[in-house]
Amino acid sequence: MNEIHSAGYRAHTNIALIKYWGKRNKELFLPVTSSLSLTLDAFYTDTHVEFDTSLTGDVFYLGGELQNEANTAKVSRFLDLFRETAGKPNLYAKVTSVNHVPTAAGLASSASAFAALAGACNLALDLQLDAQTLSTYARQGSGSASRSLLGGFVEWHKGEGDESASSYAEAFDDADWDLAMVFVIINRNAKKIDSRLGMEHTNQTSPFYALWPQEVEKDLAMIKPAIKAHDLDTVGQIAEHNAMKMHAMTIAAKPSFTYWEPASIEAMTIVRELREQGIPAYITMDAGPNVKVLCRASQAETIKAAFAPRFGADQVVIAKPGPAAHPLEKE
Ligand code: PMV
């Protein structure tokens, strides 16, 4: 008779205020620097995993669609980490994953996806790994996924040498204050230069990369007390500067590249105008053209309205701080 071990898990996406941009060990996804993020409520992934002794290979459904060999192989490699730990190398699984994003947002998130899958595997195989250890597994699906296991502000420690266990994520502080992030969705298409390729190219060819580790260290040291003090202006200024330094490095890469599109610059101009009117609003951007605006939750609607003349209502989404990843109720 076949044996089934199943579980469901939800993980929310996170946006880094101090970015992870570069690996020191590609196989283990060990980063060059530590990073710090905010977990958000608006975007999340629900994943069910069913380990089944009768299966002869892994099966992966995303958004109701059976995935191709390449996408399934990526999931299989990730499942291997858990099979190894459980001592069950031939126990295959059916993975069913759904990304929940507001209509038309189109922000597929590898961070919430691998965090949800890690949580589901841990539960299904009864491995009882704590969040910190689990984050070292999630990291090996996508670096930023390590941070999506926790809620509020989260720090991912870079760790030591080639020691996988030392590079984990940890809750830094709650975010239960007047805080939000407004997403300006510029482009729904998949990015041309994914984060793996982008960071590798920057690391290898941008002369400014040499400065990046020390800049991140300084930014982290400054942003932490500002977060504890609920000082939005200082947090925002440091986060914006950190993001700009990351994007400046890509422009100085050889050949040069950028994730910005003309509309990204328009959105950034609107943020600067808001600031000139005395509304605290700060920019961050990742490996894509979308602009994210850190602001007060109580002013998020005002900020959303400022984008209305240029962007459609479905292009602007308000997110609040989000919770840690957690099990889904059994149906
Ligand atoms: O984890 P990845 O491979 O999706 O890389 C994330 C890179 C950035 O989003 C640009 C920065 C970050 O720390 O999330």
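In case you missed it, the structure is sitting above this.
The following paragraphs examine the structure supplied in this document.

Parameters and conventions
- Residues numbered from 1 in each chain as written.
- Predicted model: local features only at pLDDT ≥ 70, side-chain atom pairs only at ≥ 80, totals over all residues.
- Pairing = 2+ DSSP bridges.
- Helix = DSSP H or I, 4+ residues; strand = E, 2+ residues; numbered from the N terminus.
- Axes fitted to C-alpha atoms, helices over the stretch in contact; angles between N-to-C directions.
- Contact = placed C-beta atoms within 7 Å.
- Buried ≥ 20, exposed ≤ 12 C-beta atoms within 10 Å, placed from the backbone.
- Parallel < 35°, antiparallel > 145°, perpendicular 65-115°, else oblique.
- Left-handed = near helix turned anticlockwise from the far one by under 90°.
- Nonpolar A, V, L, I, M, F, W, Y, C, P; charged D, E, K, R; others polar.

## Quick word on the sheet that holds strand E13 (residues 316–319)
To summarise the sheet geometry, strands pair through backbone hydrogen bonds and adopt either a parallel or an antiparallel arrangement.
Part 1 of the argument: Here we have four strands laid out as an open sheet, ordered E11-E12-E10-E13, and antiparallel in their pairing. Of all the strands in the sheet, just strand E11 (281–285) and E13 have a single pairing partner and so form its edges. In this sheet, neighbouring strand axes are inclined to one another by 25° on average, regardless of whether the strands run parallel or antiparallel.
Part 2 of the argument: As paired elements, strand E10 (residues 180–184) and strand E12 (residues 291–295) share five bridges and run antiparallel to each other. Bridging from a neighbouring strand, Val182 pairs with Val293 of E12.
Part 3 of the argument: Against the sheet, helix H6 (residues 232–251) contacts E11 and E12, and its axis sits at roughly 30° relative to E11.
Part 4 of the argument: Helix H8 (residues 300–307) contacts E10, E11, E12 and E13 of the sheet and is inclined by roughly 15° relative to E10.

## Here's the deal with unusual backbone geometry
Part 1 of the argument: Omega for the bond connecting Lys254 with Pro255 falls within 30 degrees of zero, at -5°, which places this linkage in the cis form.
Part 2 of the argument: If you trace the backbone, Pro255 turns up in the loop between H6 and helix H7 (262–276).
Part 3 of the argument: Unusually for a residue other than glycine, Asp126 sits at a positive phi of about 50°.
Part 4 of the argument: Among the structural elements, Asp126 can be located in the loop between helix H2 (110–124) and helix H3 (131–138).
Part 5 of the argument: Under the C-beta neighbour-count criterion, Asp126 is labelled exposed, with 9 such atoms within 10 Å.

## Overview of the packing of helix H5 (residues 212–228) against H6
Part 1 of the argument: Packing of H5 against H6 leaves a shortest axis separation of 9 Å and a crossing angle of 165°. Put simply, H5 runs roughly antiparallel to H6. Judged by the sense of rotation from one axis to the other, the crossing of H5 with H6 is left-handed. Across the interface between the two elements, Trp212, Glu215, Asp219, Met222, Ile223, Ala226 and Ile227 of H5 pack against Thr234, Val235, Ile238, Ala239, Asn242, Lys245 and Met249 of H6.
Part 2 of the argument: Classifying every residue of the contact of H5 with H6 by side-chain character gives nine nonpolar, two polar and three charged.

## What about the pairing of E11?
Part 1 of the argument: A large share of E11 lies buried, amounting to five of its five residues.
Part 2 of the argument: Burial along E11 is two-sided: Ala281, Ile283 and Met285 and Tyr282 and Thr284, pointing in opposite directions, are all buried.
Part 3 of the argument: One ladder, built from five bridges, connects E11 with E12; its direction is antiparallel. Bridge pairing in E12 links Thr284 to Lys292.
Part 4 of the argument: Hairpin connection, E11 to E12: the antiparallel pair is bridged by five residues.

Just geometry here; none of it tells us what the structure is for.
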